[in-house]
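# Overview (structure and organization)
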Amino acid sequence: MSKTRKSCLFSLVVLIVVVSVAWSFCLSHATSCTCNDICNIDNVANEARAAQWEYNIQISRINNEDADGLFPTWFTPGRYANVQAAVQARINSVSALGSCSPPLDTIRSDTNGGNCSITTQAQTACIKEYAMAHEGIHQTTCQSFSHIMTYQMSMSLVDVLSEEVRAYQTAIDMSKSMKAGPLKDCCCVNKCTPTTITPTAAAPSLLQIARNLFR
Ligand SMILES: [Zn+2]
């Protein structure tokens, strides 16, 4: 191989390495969230904190019950449904439904038993991204079991609830990383002055008042 061809090949390899590093960097920082999504992001983070709060209360309660027994409380759909009702009530107490423009998106999503596939009913790309991150936590556990029932059937109730605490953390992490990164220049985050200012009616001058009096 000639010296020119060798250096040419070297440049090509360097170029490929640089492009692939830059591409993977871009991918790792890729997000579909925009300034318009901040109200939604704040809401899911607030809801997530409320959910974690209630899950931790329930975990302490079950741990206290389990302290006297030989075996931990196992997951059952009925017991789980009771916990979920308490968590939903806690979420509803902080949810800001109806206060965002565009309207708040649903984050309803599922990790299905059996094949561990994840689905979401979220409509906006940003909240869809969060919903899939949340379900991704469940999917990882789901894939570590092999069975035809829901994967939670193989877990203690405390383990299932602890997994929810971790899954909800993805909303809090997303809120922090978005505001510190891609969305840091949004006015609603850094409290800068909005570019559109509503004009206010100018007060009449003393001269105008005097003119009106003598008209
Ligand atoms: Zn979950």
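Look above for the structure.
Here the structure is a predicted model, which means the values were calculated and not measured.

Reading guide: rules and limits
Residues numbered from 1 in each chain as written. Predicted model: local features only at pLDDT ≥ 70, side-chain atom pairs only at ≥ 80, totals over all residues. Helix = DSSP H or I, 4+ residues; strand = E, 2+ residues; numbered from the N terminus. Buried ≥ 20, exposed ≤ 12 C-beta atoms within 10 Å, placed from the backbone. Contact = placed C-beta atoms within 7 Å. Expected span 1.5 Å × (residues − 1). Bend = angle between axes of the 7 residues up to and from the residue. Core = buried A, V, L, I, M, F, W, Y, C linked by C-beta atoms within 7 Å.

### Quick notes on the overall build of the chain
- When helices and strands are counted, the chain shows 7 helices and 2 strands.
- Each helix and strand of the chain, placed in order from N terminus to C terminus, yields the pattern α-α-α-β-β-α-α-α-α.
- Considering the chain as a whole, with its 215 residues, one finds that 23% of them fall into the buried category.
- Put simply, 72% of the contacts in the chain that link residues at least 6 apart link residues at least 24 apart.

### Structural notes on helix 4 (residues 125-143)
- Counted at 1.5 Å a residue, the expected span for helix 4 with its 19 residues is 27 Å, and the 25 Å between its end C-alpha atoms agrees.
- At Gly-136, helix 4 shows its strongest bend, of approximately 25°.
- Where the residues of helix 4 are buried, they touch helix 2 (38-66), strand 1 (109-111), strand 2 (118-120) and helix 5 (157-180).

### A short note on the environment of Thr-73
- Mapped onto the elements of the fold, Thr-73 is located in the loop between helix 2 and helix 3 (77-94).
- Each C-alpha atom of the pair Thr-73 and Ile-62 lies 7.2 Å from the other, and the pair is 11 residues apart in sequence.
- Ignoring anything within four residues of it in the chain, the contact list for Thr-73 reads Ile-62, Glu-65, Asp-66, Ser-156 and Leu-157.

### Considering the nonpolar core
- Core analysis: the biggest nonpolar cluster contains 27 residues, and Ile-41, Val-44, Ile-127, Tyr-130 and Ala-171 have the highest contact counts within it.
- For this core, the secondary structure elements donating two or more residues are helix 2, helix 3, helix 4 and helix 5.
- With 9 residues, helix 5 is the single largest residue contributor to this core.

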